[in-house]
Structures are given as C-alpha cells and as structure tokens.
Amino acid sequence: MADTIFDVVVLGGGPAGYTCGIRAAQYGLKVALVDANDRLGGTCLLWGCIPTKAMLFSAELWDHLKHADRYGIEGVSSPKLNWKGVLARKDDVISRHVKGLEFLMKKNKITTFKGFGKLTGPAKDGVHTVEVKLADGKPETIKAKKVVLATGSDARVLPGYKPDETVLTNYEILKIAEAPKSLIVIGSGAVGVEFASIFKSFGAEVTILEVLPRIVPVEDEDVSRELLRQFKKREIDVNLSVKDTKIEKTKTGVTVTWTDSNGKPQSKQAEKVLMAVGRAPRTEGIGLEKTSIKPERGFVMTNEWMETTEPGVYAIGDIVGGMPQLAHVGAMAGLVVAARMAGQYAKPINRARIPGCTYCEPQIGSVGLTEAQATEKGYTVKVGKFPFVGNSKATILDAHDGFVKVVSDAKYGEILGVHIIGPVATEIIAEAVTALQLEATVEEMMFTIHAHPTVAEALLDAFSSVEGKAINV
Ligand SMILES: Cc1cc2nc3c(=O)[nH]c(=O)nc-3n(C[C@H](O)[C@H](O)[C@H](O)COP(=O)(O)OP(=O)(O)OC[C@H]3O[C@@H](n4cnc5c(N)ncnc54)[C@H](O)[C@@H]3O)c2cc1C
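How each quantity is defined
- Residues numbered from 1 in each chain as written.
- Predicted model: local features only at pLDDT ≥ 70, side-chain atom pairs only at ≥ 80, totals over all residues.
- Heavy atoms only, no water.
- Near = heavy atom within 4 Å.
- Polar contact = N/O pair within 3.5 Å; in protein donor to acceptor, adjacent residues only side chain to side chain.
- Areas by Shrake-Rupley, 256 points an atom, 1.4 Å probe, with all protein chains shown as cover.
- Helix = DSSP H or I, 4+ residues; strand = E, 2+ residues; numbered from the N terminus.
- Domains from an automatic or database assignment.
- Salt bridge = Lys/Arg side-chain N within 4 Å of Asp/Glu carboxyl O.
- Buried < 20%, exposed > 50% of the residue type's maximum accessible area, 1.4 Å probe, protein only.
- Pairing = 2+ DSSP bridges.
- Contact = heavy atoms within 4.5 Å.
- Axes fitted to C-alpha atoms, helices over the stretch in contact; angles between N-to-C directions.
- Expected span 1.5 Å × (residues − 1).
- Core = buried A, V, L, I, M, F, W, Y, C linked by side-chain atoms within 4.5 Å.
- Phe/Tyr/Trp six-rings, centres within 6.5 Å; stacked < 30°, edge-to-face > 60°.
- Lys NZ or Arg CZ within 6 Å of the ring centre and 35° of its normal.

1. Things to note about the site of the ligand
Inspection of the region around the ligand gives 37 residues, with Asp35, Thr43, Lys53, Asp318 and Ala327 positioned closest. The contact in question runs from an oxygen atom of the ligand to an N or O atom on the side chain of threonine 43, over 2.7 Å. Across the complex, the protein chains shield 94% of the 990 Å² of accessible surface that the ligand would expose by itself. Of all the secondary-structure elements, those providing two or more residues to the shell around the ligand are α1 (15-26), β2 (31-35), α2 (42-47), α3 (49-66), β3 (111-119), α6 (190-201) and α8 (327-341). Sorting elements by how many residues they give to the shell around the ligand places α2 first, with four residues. Two domains share the shell around the ligand, each providing at least three of its residues, namely domain 1 (5-154 + 280-351) and domain 2 (167-277).

As structure tokens, this is what we get:
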C-alpha cells in the first residue's frame, strides 16, 4: 500500500471514524480506515450504545410481561427469564450492524485495515505516513494527505482496581454469564443508571453510589429529583454525596464500603460491582509525541473544525477534550471534518444543541441549558413544565410519571433548553433539538400542530405552559 496515496486515513472505526470515512468517500475522496478491533463499530456498536439498548428493550418487555394481566393479557403471569437468550439477542443485533458496516465500507470503496495505527510524525511534502501493526503482526504503511484520529475511549476504573469477573466495567458486564442477584453501581451518569435500570428490571437488588449530591448530575435539577423519586419507587437504593468508596472481594462477590453524606461509614455486599465512573481517551501509543499535538489529561484538543495543532491532522469523537463523549457528537464531528477536507459547506458543532439521552426507565432526553445554567448566564428565565399525567398517550402506555420542562428567555421567548423525563423521552427530544436548531420561539412552537394522541403532544403543552396556557393540566 506504500505506493498508494489516500486523500484521508481514518484511525478508528467507531461511530466518529466510520461516519467520517463514509461521508468523505461520498464527497469523492479516496479513504483508508484502520481499526484495531476485528469488528468495526467501536465502543458504541460492540460495548456501548447498541448492546445496552438491546438489553434495555428486553428489560422493558420483561417489565410489561410481569404485569401483562394489567393490559388484559392472561396466561403469561409467570414468564421465565432466559439470560443466555437476552445476551444472544443483543449479540444478534450487534452482528447485523457489524455486517452492515462492512457492506457500507465496500459500497463506498473504503479500503479497510484491521490493525493498530500510529502517526509517524508531521507530513512530508503534504503526505502523512501512518504505520499499522496488522492483526497478523505484519507491518503496513499507509500514506495519506490527511489523517483523522478517532480512536475512542476506554472505561475508567477506580485507582487500585482491575476489572475481572466480579469488579466490572461496561465491557465485562455485557458478557456476564448469569444475571447477578445483587449489583452495586458506582457512578450515576448515563452508563451507571442504564445498567442499574436493566438489572433492577431483571430482579437484582441494585445499589447506586454517587459522589455528587445528585443522580444524573449533568441533567437539570428537576430531572435528577424526579429520577431519584422514581428509582426509589423501583426500590433502587440510591446513595448520594458518598466518599471513600472501597471494594473488597469476598467468597461470594464483593463488599463495598463508603462514607455517607452524614459522614457515617456504610457497607453493602453484592455479587458484582460495576464501575461506571467515566471514560478515558484512547490516545496512548498512537504517535502523538511525534507531532506537535500535546494531549491534555490524555484528550486531544481541537478548534471548532476539529483541527489539531498538527497541520492535516484532525481529531473526532471521544478523544476530543471539552466535548461530551457521545456517539452522535463524534459522528457529527466526523461529518464536519469530511466536509472541510472535501472543501464543502460545513457548520461547526454548537454545544448548546447537543441532545443527551439516557435510556433508563424512565428515560431522559435533554438539550440546551438547564434552568440553573440559564439563570447563571444572566437570562430572565421563564419556565414551562407539563406533567405526563395530562397526556393521554402516556396513560395508554401506562407511563404517567415525569414531565417536559421548557427553559426559555422571557425577553424574546427564545427556547434555551428542554428537559424531558418520562415515556419515549429519548425519541421526542428530537423535536426540541430541531426547534433550537431552527431558533424557534415558544410562541411558534405553541402554534405547531402535534398529532393526537402522541407523547410528543406533551411538548406542545409544555411550550404552552411557559405562557401559562397548557390545555391538558
Ligand atoms: C455502556 C455505554 C453505553 C453508551 N451508550 C450511549 C448512547 O446510548 N448514546 C451515545 O450517544 N453514546 C453512548 N455511549 C458513548 C459512545 O459509545 C461513545 O461516545 C462512542 O462510541 C465514541 O465513538 P468514537 O468513534 O469516538 O470511539 P469508539 O466507539 O470507542 O471507537 C474507536 C475505535 O477506534 C479503534 N482504535 C483504537 N485505537 C486505534 C488505533 N491506534 N488504530 C486503529 N484503531 C484504533 C477501536 O478499536 C474502536 O473501534 C455509551 C458508552 C458506553 C460505554
């Protein structure tokens, strides 16, 4: 391959890398894509977004089946959980999409390499050289005019611990042989609460430990409060403001000790413990030291066009500092970079318009400023809040808890943020993202027709409630 000069080589075949590669190819660029794994898709497809949501779907079905008689369905009152079946379904969903990606690589004439790639230094005469250690151990050299770094992230672990069959990260828990009867989850971000929700549905005794004073700490405070209320209702034991968490292995699992918010020592035993304490960028060994790129706490810093300090080298996805580590953020960054490399129209990512979705039960979808952030920024904040109890489709779905909250600027009715907790929140947040993107005002949304009966109608009522004019409450 040393004689071929590609227009671009992408390091990493996760959602950031493959999206960038496909779009670059659509623009007519000659693309090489290198991935260290034997399957494309990255964390998102293999160990993150997709497997967790497949399992959450099984958990949701299980929850419905347990109460089937409530919906007039009899004869399924004692359903049996087949854990291996749950894992097999998840693996089937993954396999289908891995195959889909392989097809897309071929369709877009992207040359793929299975191996670990690294930069060798700055471009010479406008051409970069990337060295790849192929899966069979053989070396390969790829030359390209541009390089896109998209090597993703790994689960962080608490200092002094190593993941194994009882102390788990997202990687181990997704292939666990049996569903645990008890689970302690350290960290209450999206990953932590999603796994807590899955295993609670499957009957485990679940405990959450969070160092901060609220659950899902990046969300609006009202959302955190509502999730706490609903998790308590589901008998998930949530402990906030914990300190000095320690894990000790026992014959039957683990004992976890911590200091509670009143300074009292606490402990709990469980079969398994999950560390869901964030993601570390995967930037070691990729040759950054041979370039002008100086990582900050491992993250690669970029400008708004995802350009690094090294000419011709871009970075996208979970390795980029100061960006939420989300698949859709990495993918959009990939689209921006592809357009820039091809000299086409592009728009930088606007941080205020990145949706955040958490697929626990109940779901959370949010975009834009929280009420506290809007107040801190000096806006005269006007809030509208509509509870799902007034939405007929929510009643049909038997999912009455939660609300839609709209944070707006009193002066011009600008929509600053929308925060949803409740049924299909992760789907209906898309409307709020579009409204923000198109700079719609509260008034415009109040006169936007929403089909009936839909959960999305709760957004219409929430926008109307900013002016105290919700119909259904
Ligand atoms: C349990 C869990 C659930 C999640 N759920 C969601 C969700 O619902 N929604 C959401 O938006 N986000 C979710 N995320 C986050 C999401 O998975 C990441 O934001 C996303 O995968 C990042 O994409 P990426 O392409 O930057 O990196 P990755 O997906 O990590 O992909 C990086 C790829 O680079 C390859 N690679 C690494 N080093 C090299 C190298 N030197 N050479 C070649 N290849 C290399 C790796 O093999 C990997 O395939 C979740 C994460 C976890 C852990």
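Next comes the rest of the account.
2. Focus: the pattern of salt bridges
According to the stated counting rule, one finds 23 salt bridges in the structure shown. When the shortest N-O distance is used, the salt bridge between lysine 84 and glutamate 178 registers 4.0 Å. Here lysine 84 is found in helix α4 (residues 83-107), whereas its partner glutamate 178 is found in the loop between α5 (170-173) and β8 (182-186), with 94 residues between them in sequence. Of the charged contacts, one joins arginine 282 and aspartate 154 as a salt bridge, the two residues approaching to 3.1 Å between their closest N and O atoms. Pair noted here: arginine 282 is in the loop between β15 (279-281) and β16 (313-315) and aspartate 154 is in strand β6 (residues 153-155), with a separation of 128 residues, a long-range link. On the basis of relative accessibility, which here comes to 38%, the residue aspartate 154 falls in the partly exposed class. Residues joined by salt bridges that share partners form a network here, namely Asp220, Glu221, Asp222, Arg225, Glu371, Lys385 and Lys405.

3. Some thoughts on the sheet that holds strand β9 (residues 205-209)
Strand order in this open sheet of five strands is β7-β14-β8-β9-β10, and the pairing throughout is parallel. Whereas interior strands pair on both sides, the edge strands pair on one side only; in this sheet they are β7 (167-168) and β10 (237-239). Pairing analysis gives three bridges linking β9 to β10, with the strands arranged parallel. Bridge assignment links threonine 207 to a residue of β10, and that residue is aspartate 237. Packing of α6 onto the sheet brings it into contact with β8, β9 and β14 (272-275), and relative to β9 it is tilted by some 165 degrees.

4. Quick notes on helix α11 (residues 425-437)
Taking 1.5 Å per residue, 13 residues should reach 18 Å; α11 reaches 18 Å between its end C-alpha atoms and fits that length. Here α11 has its buried residues at Ala425, Thr426, Ile428, Ile429, Ala432, Val433, Ala435 and Leu436. Where the residues of α11 are buried, they touch β17 (356-358), β18 (363-368), β21 (415-422), α12 (442-446) and α13 (457-466). Just downstream of α11, glutamate 439 is the residue with a positive phi angle, here 55 degrees.

5. Focus on the environment of proline 122
Take proline 122: it is sitting in the loop between β3 and β4 (128-134). Sequence separation of proline 122 and glycine 330 is 208 residues, and the distance between their C-alpha atoms is 24 Å. Ignoring any residue separated from it by four or fewer positions in sequence, one finds proline 122 in contact with His128, Lys290 and Glu310.

6. Thoughts on the nonpolar core
Counting 92 residues, the largest nonpolar core has Leu149, Phe199 and Ile215 as the members making the most contacts within it. Top contributing element to this core by residue count: α4, with seven residues. With residues up to four places along the chain from it excluded, the contact list for leucine 149 reads Leu11, Leu119, Ile286, Leu288, Ile293, Val313, Tyr314, Ala315, Ile316 and Ile319. One finds Val367, Ile420, Ala458 and Ala462 within the second-largest nonpolar core, a separate group that totals 28 residues.

7. Examining the side chain of serine 153
Residue placement: serine 153 occurs in strand β6. Judged by relative accessible area, which is 0%, serine 153 ranks as buried. Of the polar contacts made by the side chain of serine 153, one reaches the side chain of aspartate 318; its length is 2.7 Å.

8. Comments concerning the packing of aromatic side chains
Under the counting rule described, the total for this entry stands at four aromatic pairs. Between tryptophan 83 and phenylalanine 199, the ring centres sit 5.6 Å apart and the planes meet at 45 degrees, which makes this aromatic pair tilted. With tryptophan 83 in helix α4 and phenylalanine 199 in helix α6, the pair connects residues that are 116 residues apart, well separated along the chain. Residue tryptophan 83 is classed as buried on the basis of its relative accessible area of 5%. Each residue in the set Trp83, Phe195, Phe199 and Phe202 is aromatic and connected to the rest through ring pairs, giving one cluster. Between arginine 340 and the ring centre of tryptophan 305, over which it is positioned, the NZ or CZ distance is 3.9 Å. The cationic tip of lysine 385 hangs over the ring face of phenylalanine 403; the distance from NZ or CZ to the ring centre is 4.4 Å.

So yeah, pure geometry; function would need other evidence.
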